[in-house]
There are 6 protein chains.
Amino acid sequence: MKGVHFLISTLAILAFATFLASASDPSPLQDFCVAINDTKSPGIYINMHYITQNPVGSTVTPASVDQIAGLNTLGISLARIDFGPNGLNPPHTHPRGTEILVVLEGTLYVGFVTSNGDGNHLFTKVLNKGDVFVFPIGLIHFQLNVGHVNAVALAALSSQNPGVITIANAVFGSKPPINPDVLAKAFQVDNKVVNYLQKQFWYNNS
Amino acid sequence: MKGVHFLISTLAILAFATFLASASDPSPLQDFCVAINDTKSPGIYINMHYITQNPVGSTVTPASVDQIAGLNTLGISLARIDFGPNGLNPPHTHPRGTEILVVLEGTLYVGFVTSNGDGNHLFTKVLNKGDVFVFPIGLIHFQLNVGHVNAVALAALSSQNPGVITIANAVFGSKPPINPDVLAKAFQVDNKVVNYLQKQFWYNNS
Amino acid sequence: MKGVHFLISTLAILAFATFLASASDPSPLQDFCVAINDTKSPGIYINMHYITQNPVGSTVTPASVDQIAGLNTLGISLARIDFGPNGLNPPHTHPRGTEILVVLEGTLYVGFVTSNGDGNHLFTKVLNKGDVFVFPIGLIHFQLNVGHVNAVALAALSSQNPGVITIANAVFGSKPPINPDVLAKAFQVDNKVVNYLQKQFWYNNS
Amino acid sequence: MKGVHFLISTLAILAFATFLASASDPSPLQDFCVAINDTKSPGIYINMHYITQNPVGSTVTPASVDQIAGLNTLGISLARIDFGPNGLNPPHTHPRGTEILVVLEGTLYVGFVTSNGDGNHLFTKVLNKGDVFVFPIGLIHFQLNVGHVNAVALAALSSQNPGVITIANAVFGSKPPINPDVLAKAFQVDNKVVNYLQKQFWYNNS
Amino acid sequence: MKGVHFLISTLAILAFATFLASASDPSPLQDFCVAINDTKSPGIYINMHYITQNPVGSTVTPASVDQIAGLNTLGISLARIDFGPNGLNPPHTHPRGTEILVVLEGTLYVGFVTSNGDGNHLFTKVLNKGDVFVFPIGLIHFQLNVGHVNAVALAALSSQNPGVITIANAVFGSKPPINPDVLAKAFQVDNKVVNYLQKQFWYNNS
Amino acid sequence: MKGVHFLISTLAILAFATFLASASDPSPLQDFCVAINDTKSPGIYINMHYITQNPVGSTVTPASVDQIAGLNTLGISLARIDFGPNGLNPPHTHPRGTEILVVLEGTLYVGFVTSNGDGNHLFTKVLNKGDVFVFPIGLIHFQLNVGHVNAVALAALSSQNPGVITIANAVFGSKPPINPDVLAKAFQVDNKVVNYLQKQFWYNNS
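Residues numbered from 1 in each chain as written. Chains lettered and ligands numbered in written order. Predicted model: local features only at pLDDT ≥ 70, side-chain atom pairs only at ≥ 80, totals over all residues. Heavy atoms only, no water.

By the naming in an unreviewed UniProt entry, chain A is Germin-like protein, taken from Prunus avium. On record in UniProt, under Sequence similarities (unreviewed entry), the comment for chain A is "Belongs to the germin family." Turning to chain A, the UniProt record has this under Subcellular location (unreviewed entry): "Secreted, Extracellular space, Apoplast". (UniProt positions renumbered as here; feature names shortened; annotations may be inferred.)

And the structure:
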C-alpha cells in the first residue's frame, strides 16, 4: 500500500443566503449550513507521504470543519493518523469529542486512562488491521506503533471540532509557561527538572 | 491489499455497578457506561472476505453499539462498506446520524439529495482513495463503485445507533406491504407495477 | 366546517439588539430570539381554500421558522394538511424532527416503516377525528384520506425546521437526475422504467 | 362542529427487548422506545364532551408520554384545550417545553410575559380560527376565550413531558402551604389575604 | 465578614477571528467563543456593599454571559444573593436553568413547588452555612433569611443565561398590565384587588 | 471565617414510581428524577476542617450526583476547594463539564491552557475574594494559593457528574502503569525518569 494520499474534498455547494453559520453539535437546523459558497473548488487535497519524520514519529491529518466547511452543525469529523516504526501519538485528550479508531495498516498498542473517580484505571489493547477501539470524550489516551513497519489508523470524532490537547505539550510547552512551582508540585519533581522541560521544543503532531 | 479482515473489538471493561445504561447521544454522564461486564472477551471478530456476492454487490459491516457495547452514550459509530465491481450501496437514509465517508480502496460515485425545501437538489462527486465526503443527517444518499476493481470505504456516523433505511426496500419490501394505492399514486405508476415490485425479494445489505 | 382558513401570525416583537440568531434545537439561550424587528406586522395570512387540486390531492401548509420568525431556537413547528377525497400525503421523511399528528376532520389511513435493523416493519392505523399518531424522527411515513369527504389534520414537529423529503420525488425527480444505473439496481427495474419515471412531473405538496 | 371527541391512540407496538427506556428529549437512540408491549390496545380514548363546567371554564386534555408511551425519547407532545364562554386557561408555565398553539374554534385573547431581564414585557394577541402563536419555554402565559361561544385550541409542546405549573395554584395551593410571610412580602399583601387565599380550593384544569 | 465585594472578572482573551458567536447550551464548538476582543480589561467589578435596602430585603448579583462574555456557549453561570434580616428572594423561576445553591453565611428557609402533575408539592428545608440545595429547571422556588443577621448564598445555574421570572412581578407588574379579568379569575379575587395590585411598585431584586 | 463546615444536604424526596433514572445532561424529562426514596435522611454532612494536610495542600469536596441524588438529570454540580498556604489544585481537566469558580477566601493564581489548535495558550489571573473565572470544558487548568493564609473557592460545573482527571496522576499513576516508552517519548525524558515517577505515590485531592 504505497503512495497513499489523502484528498479531503469539501462539498461543492451552491451558495445559500445562509445568514448564520452556527449551531451546536447536537442538532442541525438545516440540511447543511456553510458560510461560504464554494461551487468550483474540487476539494482540499492533503498529500500524506508518510510525513512522520518528526520527534514523535506520527502525523495526524484532520478532516474537521476547518478543512470541510460542509461539516458545520453536523457533529462529526475524521482524522487520519500515520505512524512510522515506533511512532507514537502521545497522550492527549479531545475536550469536545469521543473518538472511535480503526487500524488500516500495521499494529498499534493503544490505551486510555479513566478519571480519578474511576481509579485512573488504564485500559489497553493491541490492535491489528481492522480492529476498532473507542476513546471516551475527554479521557487521556495514546497510540503506539508496535509493529516493524508503518501503521495507519483512521479516527472519527463526535464533534465538528473536537479539539486536541497533547498533555506533555500543553503542560510543559504552553505559551507563556505555567508557573514552575505549579508543575514541580504537581509532578513531584524539583524546579530544575521543570525548567529543563519547559525549555524543550514541544512538537505538536496535530 | 489482500485478505483484509475487520476485527471489531469491544472494550474489555471491568464491571461497574452501573445501574442504568441509557442516555442520549449528546452527552455522556460517566466515563463510559455499559450494562454488561465483559472483561475476558477479546473482541468481536467480523471477518469480511469481501462478501459482496449479493443483488446489490456491496456489504455494510457496522460497528455500532450493538457490536461494541462500550459505545453506549458516546454518540458515534463506524461502518465498513465493501463494493464489488459495479457494486451499489443503494439510496438510503440514516434517521439518527450524519455520515462522513472516506474511500480506502477504489473509486466511488456518491451523492445525496437535499430536502424539498432546498429543491431536491442532487450533489454528487467521484471519490478516489483518500477522498472524504459528508452525507447530512436524514438525507437520501448512495455510493456506486465505478471502478473496475473492488472498492472499500469507511463511514463514521454521529450516533451510537444511527439506523439505516434502504429506500426501495422500506417502500416496496415492508412487512406487511404498504397499501398499493399509496405507492401507485406516490410513484406515478399503476397498481400492477406496485404489485410486481412488492413481490420481489428485497435484499438489505445493511 | 366551511371556509376554513389558516392564518399564521408571527409574534409581534420589539427589536432587540440580538446580535446572534442561531442556536440548536435543544435549548434556547434567550426568552426568544429573532433577527428582524417586526412590530407592525399583523401576521402571516395563509388562506387554505382546500387547494387540493393537484396530483396527490393534498396540500401541506407549514408554520415553521420560515413563516414564524419567533420560533427561532425554540425547537418546534406546526403544519396543517388538507386532503381531498382519496388525497395522499405521499411517503416522506422529516430529517430533523419527529411528527405527532391529530385528525381534525375525516378519516385517514396512516403508517410508518421502521429501519432495516428493526425489519422494515410497517405500522398502520385508521384514524378518525381526534385520533393522535406519532411518526418517529427520520422514518418513512404517509397519510391517505380513506373517507368520502375532505380530511384535515394538524401535525406538530420537534424542530423549528424539520425538513421534508418526499421519497419518490427526491429519488426520481432530483435536479439533476440520479444516475439511472443506481436507481435501476436499487429498485430492481430496468433503465427504461427509470428513464420514464425521471421524465415525469414530480409535484411536491410541501 | 358538534360532538367533537378526542381519541388519543397509542401506537400499537410489538414488544422489543428494549432494556432501557430512557433518553433525553434532544435525540432518540432507536426508531422508538417503549417499555411496555401493548399490541392489543386500540388506543386511549378520551371523550371530551366540552367538560368545561369548572371554576376556570376550560379543560386541558394532554397527549403526552403518560398517555402515549410511543412518545418516549421523541421530544414532542400535544394537548387539546376546550374553553366555555369566558373560559380561561390561567397563567401558567411549562418548565420543560415551548408551546405552539393553533385555534381550531372560536376567539382567544392570549399572552405571555418575558423574564425580568427583558422587562416583564407582556405580548398579547387576539387569535381567531387558524391563528398560530408561540409561548417560549418557561415563560408565564395564558389564554382567555373572548368570543361568545365555546373555543377549542390545539397546543404542541417541545417535550414528551413538558409539565404544567399553574401559577396561582402552585403559589397559593401548594401542599403543604408556603410560609405566609414569604407570600405576603412577595405579593405586597398582608398575611390575612394570604391566609384567605391559601384556604381556597385551587382547581387544576390540567 | 465585612466589606465583602464581588469582583467579576471576565476572561482576558485574545481576539480570534471568531465569525460566529452562537451555539446552544449543550455543547461548545470551540475552546471558547467570544465576540469581542478584550485583552486589557481587568474584569467587571461589582461592589456588593450588602445593598439590601429594598422592598424585599435581598439583592441578586448575576455572573451570567452578560457580565462574563467568556461564558458564551459554556452552559453555566453564577449568582450571589445577599439577604438582610428577614430578607426574601421572592418566588421565581428560571426558564432555562436548574439552580444549585450553597449558603455562605446565615440561615435560609428555602423551598420549591413541583408541577401540577406532581401535585404542586412543596419541598422545603432550613439551610445553614455550607448546606446545598437544588431547584430543578422551571420550578417555582424562594429563599427567606430566617436568621437574625445578614445571609449570603451562592447559586450556580445550568445555562449561560438562565433568565429569572419573579412570579408576583411578572403577573401583577407586567408592562402593559395583563387583562384584570384573567388575573381575577386565576387568583380567585375580585377585580378591585387585581387593580390595586397592578398599581403597586414591583421591585425586581434581580 | 473560622470553623467553616460544608454540609451537603440531599433533597428529602418522596418516593415516586419513577421507573427510570437516566437521562442526559441537556434536558430533564421530569421535575426531578431519583432512583431512591430517601424521605428521612437529613442530608449528607461533610465536615471540612480544612483537611489540607496532604502532598498538594488542597482538598476538593464534591457535591455531585453521587452525593446529591436529586441532581440526577439536572446537568449541574458544585465543589468546594480548600487550600492551605501554597496549596495547589494541580493541573487537571473535567471531561464532561465547564467550571466557573468564585474565590470565597484568600488569593489564588489560576490558569488554563487552550488546545493545540489554539496554540496551547496559557491564560492566567490572580483572583481575590469575590473574583470569578471560567475554565472551559475539557481544558487543562489549575489553582494555586499565592496568599499567606488559607484560601477557599467554590466551583460549579455544567454536569451532574463532570469527572476529574488529575494530569500527572493519570499519566504517571495509572493502574496498571502506562508503557514507559510511551511516556519517555511523550515527555522527552529517559525511561529512568519515567520509572522513578511511576513509583511515586500519586495523591488525588479529588
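Participant: How should I be thinking about the pattern of salt bridges in this particular structure?
Facilitator: Any two side chains of opposite charge can pair, on the condition that their charged atoms come close. Residues and elements named next belong to chain B. Tallying each qualifying case throughout the model produces twelve salt bridges over all chains. Across the salt bridge formed by D82 and R80, the nearest N and O atoms sit 2.7 Å from each other. Each member of the pair, D82 as well as R80, carries the same accessibility label: buried. (Salt bridge = Lys/Arg side-chain N within 4 Å of Asp/Glu carboxyl O. Buried < 20%, exposed > 50% of the residue type's maximum accessible area, 1.4 Å probe, protein only.)

Participant: Hey, could you run me through helix α2 (residues 180-187) of chain E in this one?
Facilitator: Since the α-helix turns once every 3.6 residues, residues separated by three or four places project in the same direction. Residue and element names in this part refer to chain E. Listed in full, the buried residues belonging to α2 are V182, L183, A184, A186 and F187. For α2, the capping residue at the N-terminal end is N179, with a side-chain oxygen 2.8 Å from the backbone nitrogen of D181. Phi turns positive, to about 60 degrees, at Q188, one or two residues after α2. (Helix = DSSP H or I, 4+ residues; strand = E, 2+ residues; numbered from the N terminus. Polar contact = N/O pair within 3.5 Å; in protein donor to acceptor, adjacent residues only side chain to side chain.)

Participant: Sorry, what's going on with the UniProt feature "binding site: oxalate" (unreviewed entry) in chain A here?
Facilitator: All names here are of chain A. Taking the UniProt record as the reference, the feature "binding site: oxalate" (unreviewed entry) is found at N89, H94 and E99. Positionally, N89 belongs in strand β5 (residues 88-93). A residue is classified by how much of its surface remains accessible, and N89, at 4% relative accessible area, is buried. In contact with N89, not counting residues within four places along its chain, are S58, V60, I81, F83, F142, Q143 and N205. Excluding residues that lie within four positions of it along the chain, E99 makes contacts with I81, H92, H94, F133, V134, F135, H141, Q143, A155, A156 and L157. Among the polar contacts listed, one links the side chain of E99 to the side chain of H94, at a separation of 2.8 Å. (Contact = heavy atoms within 4.5 Å.)

Participant: Could you clarify how one ought to interpret the relation of the copies chain F and chain A in this entry?
Facilitator: Turning one copy of the chain about an axis and sliding it along that axis gives the other copy, so a rotation and a shift relate them. If you rotate chain F by 180 degrees and push it 0.0 Å along the axis, it lands on chain A with an RMSD of 0.0 Å. As the rotation angle and translation indicate, the two copies are arranged about a two-fold axis. The rotation axis passes nearest to the C-alpha of G138(F) in chain F, at a distance of 3.0 Å. Take the interface residues of chain F: 98% of them recur as interface residues in chain A, which is what a same-surface contact looks like. (Least-squares fit on C-alpha atoms with pLDDT ≥ 70 in both.)

Participant: Got a minute to help me understand the packing of aromatic side chains in this structure?
Facilitator: Two aromatic rings are characterised by how far apart their centres lie and by the angle between their planes. All names here are of chain F. One pass over the full model with this rule turns up 45 aromatic pairs over all chains. When the centroid spacing of 5.2 Å and the interplanar angle of 50 degrees are considered together, the rings of F172 and F187 count as tilted. In this pair, F172 is assigned in helix α1 (residues 167-172) and F187 in helix α2 (residues 180-187), connecting sequence segments 15 residues apart. (Phe/Tyr/Trp six-rings, centres within 6.5 Å; stacked < 30°, edge-to-face > 60°.)

Participant: Could you clarify how one ought to interpret the packing of helix α2 (residues 180-187) of chain A against helix α3 (residues 191-199) of chain A in this entry?
Facilitator: Between two packed helices, the angle of one axis relative to the other and the distance separating the axes together describe the packing. Residue and element names in this part refer to chain A. Relative orientation of the contacting elements α2 and α3 amounts to 115 degrees, with a least axis distance of 9 Å. Classed by the angle they form, the pair α2 and α3 counts as roughly perpendicular. Note on packing geometry: the crossing formed by α2 with α3 is right-handed. The segment α2 lies against α3, with P180, D181, L183 and A184 engaging N191, V194, N195 and Q198. Per-class residue counts for the contact of α2 with α3 are four nonpolar, three polar and one charged. (Axes fitted to C-alpha atoms, helices over the stretch in contact; angles between N-to-C directions. Parallel < 35°, antiparallel > 145°, perpendicular 65-115°, else oblique. Left-handed = near helix turned anticlockwise from the far one by under 90°. Nonpolar A, V, L, I, M, F, W, Y, C, P; charged D, E, K, R; others polar.)

Participant: Would you mind going over the sheet that holds strand β7 (residues 108-113) of chain B with me for this structure?
Facilitator: Paired through backbone hydrogen bonds, the strands of a sheet run either parallel or antiparallel to each other. Spatial ordering of the open sheet is given by β8-β7-β10-β5-β12 (chain B), a layout of five strands whose pairing is antiparallel. Pairing within the sheet leaves two strands with one partner each, and these edge strands are β8 (122-127) and β12 (165-166) of chain B. Sheet contacts for helix α2 (residues 180-187) of chain C: β5 (88-93), β7 and β10 (140-145) of chain B; angle to β5(B), the most-contacted strand, approximately 80 degrees. (Pairing = 2+ DSSP bridges.)

Participant: Where do I start with the sheet that holds strand β11 (residues 151-157) of chain C in this structure?
Facilitator: Residue and element names in this part refer to chain C. Strand order in the open sheet made by the five strands is β3-β4-β11-β6-β9, with antiparallel pairing throughout. Each of the sheet's edge strands pairs with one partner strand only, and the pair in question is β3 (58-63) and β9 (132-135). Pairs of neighbouring strands in the sheet enclose a mean axial angle of 20 degrees, with direction left out of account. Bridge count for strand β4 (residues 77-83) against β11 is seven bridges, and the pairing is antiparallel. Among the inter-strand pairings, F83 is bridged to a residue of β11, identified as A151.

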